[in-house]
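Below are the chains, spelled out letter by letter.
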Amino acid sequence: MAEVEKPELVTATDEAALEATFQARLDTETRVEPRDWMPEKYRKFMIRQISQHAHSEYVGMLPEGNWITRAPTLRRKAALLAKIQDEAGHAAYLYSAAETLGTSRDQMLEDLHSGKAKYSSIFNYPTLTWADIGTIGWLVDGAAIVNQVALCRTSYGPYARAMVRICKEESFHQRQGFEIITTLAHGAPEQKAMAQDALNRWWWPALMMFGPHDADSPNSEIAFKWKVKRQSNDDLRQRFVDMTIPQADYLGLTVPDPDLKWNGETGQYDFGAIDWEEFWRVVKGDGLCNRDRLDARRSAHEEGAWVREAALAHAGKKRAAKSAA
Ligand code: BYC
């Protein structure tokens, strides 16, 4: 996208003209890049979404991290460690993408630690058994891929490019989860029961990851106009259900929804009502693990202060040595 220079002094008429040009570029599918002029509202909207996405990856390491020491085999442990490291990497790309919009990582982390910023509701549920680790890969990464494939075409360039790489890694995450759950579902009756129990607990929270119904989604209208969203919350949720039910059938597991049935007319599955009261309670900070998750992040940040200070001191020494040479 050719750079749109913002003049020193912008009048209201100029601003309207700049906004019209900005929208016209979006309408011809031209991506927005960091040095382009953009409306202040777009900049803030993107910081909101990208930073919340980064926080989700960052907090999302915790439920699985809980199981590193208890992975049943060395192979499973190595795969789980690699997956969790990928999630730290995803958070890092996303924080960097948000920084291109003029915010700082310190500010974003402060907003997370103070409880001001949101992160995905799904990470406020506990991981009680090893089957939960398989289910997170299968359902949570599966849902994340459905959402993120759509975001590969989002309008803000650095975010869209981060999504391409993240989606590749998420496919590995989904497969490692599906492999764990396949082993359990096809194993001893106790293992199959463990897999079913995990599916019972994670199914509805996974559907909630896509956000409220379209009619109750305040950000959707502008997100579509600015081409941040390409598909609606409900459309993506439906796609996830249609993709996942045949997988559950293959596993011999039953989704905990008595209203679920194939609809021959629409060629999709109809499914039951989501408990939106639970969703909003969790989003507002009152889920089973909200307090633990934020406490864990805050203390990791405090305990890591010496690493950040050491890295800065080292960089300072290198700079000083270079300028003295
Ligand atoms: N949880 O107007 P709406 C991963 C909020 S991590 C919490 O529809 P929007 C992984 C929403 O923010 C990948 N809050 O919003 C990592 C808004 O509040 P604000 C996670 C939610 O933005 C480790 C309000 O509700 N993926 O893959 O148009 C291990 C109204 O909603 C949620 C992303 O972050 C929720 N579930 O649409 C394993 C994807 N849903 O901000 C895996 C990026 C809604 O106005 N984000 N809210 O105060 C998005 O695509 C969109 O932000 C959403 C929501 C579809 C989530």
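Caption draft 1: Broad picture of the overall build of the protein chain. The helix and strand tally for the protein chain stands at 13 helices and 2 strands. A compact globule built from 325 residues would reach a C-alpha radius of gyration of about 20 Å, and the protein chain, at 22 Å, matches this within 12%. Dimensions along the principal axes, computed over C-alpha positions, put the protein chain at roughly 70 × 60 × 35 Å. The burial tally for the protein chain puts 46% of its 325 residues in the buried class. Across the protein chain, the fraction of contacts at a sequence separation of at least 24, relative to all contacts at a separation of at least 6, is 77%.

Caption draft 2: Spatial organisation of the packing of helix 4 (residues 74-99) against helix 5 (residues 105-113). Between helix 4 and helix 5, whose axes approach to 9 Å, the crossing angle comes to 115 degrees. Compared by their axis directions, helix 4 and helix 5 come out roughly perpendicular. As for the relative orientation of helix 4 and helix 5, their crossing is right-handed in sense. Contact with helix 4, carried on its side by Ala92, Tyr95, Ser96, Ala98 and Glu99, involves Arg105, Met108, Leu109 and Leu112 of helix 5 and no other residues of that element. Grouping the constituent residues of the contact of helix 4 with helix 5 by class yields 6 nonpolar, 1 polar and 2 charged.

Caption draft 3: Focus on unusual backbone geometry. One non-glycine residue, Glu29, adopts positive backbone phi at about 65 degrees. Examined against the element boundaries, Glu29 turns out to sit in the loop between helix 1 (12-27) and helix 2 (40-59). A residue is classified by how much of its surface remains accessible, and Glu29, at 45% relative accessible area, is partly exposed. A positive phi angle, near 60 degrees, is found at Lys227, a position not held by glycine. Assignment of secondary structure puts Lys227 in the loop between helix 9 (220-225) and helix 10 (233-251). Residue Lys227 is classed as buried on the basis of its relative accessible area of 17%.

Caption draft 4: Local environment of the environment of Ala185. Inspection of the secondary structure puts Ala185 in helix 7 (residues 157-185). Taking the C-alpha atoms as reference points, Ala185 and Leu251, 66 residues apart in sequence, are found 5.9 Å from one another. Filtering out sequence-adjacent residues up to four positions away, Ala185 remains in contact with Lys192, Ala195, Leu251 and Leu253.

Caption draft 5: Quick look at the site of the ligand. Every one of the 36 residues lining the ligand counts as a neighbour, but Arg48, Lys118, Ser121, Ser217 and Lys229 are closest to it. Residue Arg48 places a side-chain N or O atom 2.8 Å away from an oxygen atom belonging to the ligand. Asn147 places a polar side-chain atom, nitrogen or oxygen, 3.0 Å from an oxygen atom of the ligand. Against a free-state accessible area of 1000 Å², the protein chains account for coverage of 90% of the ligand. Elements supplying a minimum of two residues to the shell around the ligand: helix 2, helix 4, helix 6 (130-151), helix 7 and helix 11 (276-283). For the shell around the ligand, the residue count by class is 14 nonpolar, 13 polar and 9 charged.

Caption draft 6: Just the pattern of salt bridges, in detail. Within the structure shown, the criterion is met by 18 salt bridges. A salt bridge links Glu40 to Lys44; its shortest N-O distance comes to 3.8 Å. Of the two residues, Glu40 and Lys44 both sit in helix 2, 4 residues apart, roughly one turn of that helix. The partly exposed category is assigned to Glu40, whose relative accessible area is 40%.

Caption draft 7: Expanded view of the environment of Ile84. Along the chain, the position of Ile84 falls in helix 4. In this structure, the C-alpha to C-alpha distance between Ile84 and Gln52, residues 32 residues apart in sequence, is 18 Å. What Ile84 contacts, discounting residues up to four positions off in sequence, is Met61, Glu64, Gly65 and Ile68.

Each value, and the rule that gives it
Residues numbered from 1 in each chain as written. Predicted model: local features only at pLDDT ≥ 70, side-chain atom pairs only at ≥ 80, totals over all residues. Heavy atoms only, no water. Helix = DSSP H or I, 4+ residues; strand = E, 2+ residues; numbered from the N terminus. Rg over C-alpha atoms; globule rule 2.2 N^0.38 Å. Buried < 20%, exposed > 50% of the residue type's maximum accessible area, 1.4 Å probe, protein only. Contact = heavy atoms within 4.5 Å. Axes fitted to C-alpha atoms, helices over the stretch in contact; angles between N-to-C directions. Parallel < 35°, antiparallel > 145°, perpendicular 65-115°, else oblique. Left-handed = near helix turned anticlockwise from the far one by under 90°. Nonpolar A, V, L, I, M, F, W, Y, C, P; charged D, E, K, R; others polar. Near = heavy atom within 4 Å. Polar contact = N/O pair within 3.5 Å; in protein donor to acceptor, adjacent residues only side chain to side chain. Areas by Shrake-Rupley, 256 points an atom, 1.4 Å probe, with all protein chains shown as cover. Salt bridge = Lys/Arg side-chain N within 4 Å of Asp/Glu carboxyl O.

Just geometry here; none of it tells us what the structure is for.
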